[in-house]
Amino acid sequence: MTTLGGEMLTRAGTAAPAGFEVPSSPLSPPSARALRRTRIQAAPRWPTPNLREVWAARGLLLFLVWRDVKVRYAQTVLGASWAVLQPVATMVVFTVIFGRFARIPSGGVPYAVFSLTALVAWSYFAGALSGASNSLLSNLGLVTKVYCPRLVIPLSAVFAGLLDFVIAFSILLVAIAGAGIVPSPWAILVVPVSLLAVMMTAAGVGCFLAAINIQYRDVKQITPFLVQLWMYGSPIVYPLSLVPAKYRALYAFNPMTGVVEGLRAAMLGTGPIPAALMVASLAVSAVLLACGTLYFRHVERVFADVA
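Since we're looking at a predicted model, the values are computed, not measured. (Residues numbered from 1 in each chain as written. Predicted model: local features only at pLDDT ≥ 70, side-chain atom pairs only at ≥ 80, totals over all residues. Heavy atoms only, no water.)

*Asks:* Mind showing me how you'd approach helix α10 (residues 218-232) here?
*Replies:* Three- or four-residue spacings in an α-helix give side chains the same orientation, since the helix completes a turn every 3.6 residues. In this model, α10 (15 residues) spans 22 Å end to end at C-alpha, consistent with the 21 Å of a helix rising 1.5 Å per residue. Of the residues making up α10, those classed as buried are Val219, Thr223, Val227, Trp230 and Met231. (Helix = DSSP H or I, 4+ residues; strand = E, 2+ residues; numbered from the N terminus. Expected span 1.5 Å × (residues − 1). Buried < 20%, exposed > 50% of the residue type's maximum accessible area, 1.4 Å probe, protein only.)

*Asks:* Looking at this structure, how should I read the pattern of salt bridges?
*Replies:* For side chains of opposite charge, pairing can occur when their charged atoms come near one another. This structure, assessed with the given rule, holds three salt bridges. The salt bridge partner of Asp68 is Arg67, with a shortest N-O separation of 3.1 Å. Here Arg297 ties to Glu300 by a salt bridge, and the two come within 2.9 Å at their closest N and O atoms. With relative accessibility at 8%, the residue Glu300 sits in the buried group. (Salt bridge = Lys/Arg side-chain N within 4 Å of Asp/Glu carboxyl O.)

*Asks:* I would appreciate a short explanation of the packing of helix α4 (residues 111-133) against helix α9 (residues 187-213) in the present structure.
*Replies:* The packing of two helices is summarised by the inter-axis angle and the distance between the axes. Between α4 and α9, the shortest axis-to-axis distance is 7 Å and the interhelical angle comes to 25°. Judged on the interaxial angle alone, α9 and α4 are roughly parallel. As for how α4 packs across α9, the hand of that crossing is right-handed. For the pair α4 and α9, the contacting residues are Ala121, Tyr124, Phe125, Ala128, Leu129, Ala132 and Ser133 in the first and Leu195, Val198, Met199, Thr201, Ala202, Val205, Gly206, Leu209, Ala210 and Asn213 in the second. Its residues assigned to classes, the contact of α4 with α9 comprises 13 nonpolar, four polar and no charged. (Axes fitted to C-alpha atoms, helices over the stretch in contact; angles between N-to-C directions. Parallel < 35°, antiparallel > 145°, perpendicular 65-115°, else oblique. Left-handed = near helix turned anticlockwise from the far one by under 90°. Contact = heavy atoms within 4.5 Å. Nonpolar A, V, L, I, M, F, W, Y, C, P; charged D, E, K, R; others polar.)

Below you can see the structure in the form of structure tokens.
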């Protein structure tokens, strides 16, 4: 609608009396202020993890965690007791073989609690890593049929194992009390920091393996072997003091080294709290998390094509 010579012209070209307002058509273009520009551009080759999108999908994350917990012990006789039996049975085997036969030193504490302290953290790490590496294959429907922040899929496997860790850690406290050992007050800080390092390591390496596993199914066969090698490369069945001094700096790059040594020092009093070693574990686990999620996002765009 325009004004010309005191008359108002409609869009059809007919004149309208002055003072008469013609309602604008719903198809008329919006005003300049209402215009909004949207720039569409190609995604970067190495997109960073969208934490805001992951947070918005926290409901899906909680659902996947709850589903994994229910499915894990569905139709089992012992149920959640498996979270206790697995580390305890391994502790018994290690105590007989490495404690009695091999006579591996245990820092002045019974070898049973010495190994159980490490196995509680290691069992959670191994389970979270294996679950995260196979998470995309277990949720192909989410990968190929609907859109969601796919980063929540391996993360759900990491969070789902926390229940097992809490149950196993409770048994560890009972075993420590039965051995007459009083944990250090530093345990209040060391345990959450160690758990954070384990979670970041499992999430980082798990995202990396999950991204490869969806293209090359050999990863599913390699992961158990990798976990076993990693265990014997960590001070699980032996103390760090048995490692030659020239190799201990190399051991610091294994984030599970600081976790295990920190837990033993805080829970069993086997020595001073290895603050430097724990800081190194946190730093390495943070790097693994960043690299793993970055690679996951890099190849995420082809998941639906190769699954």
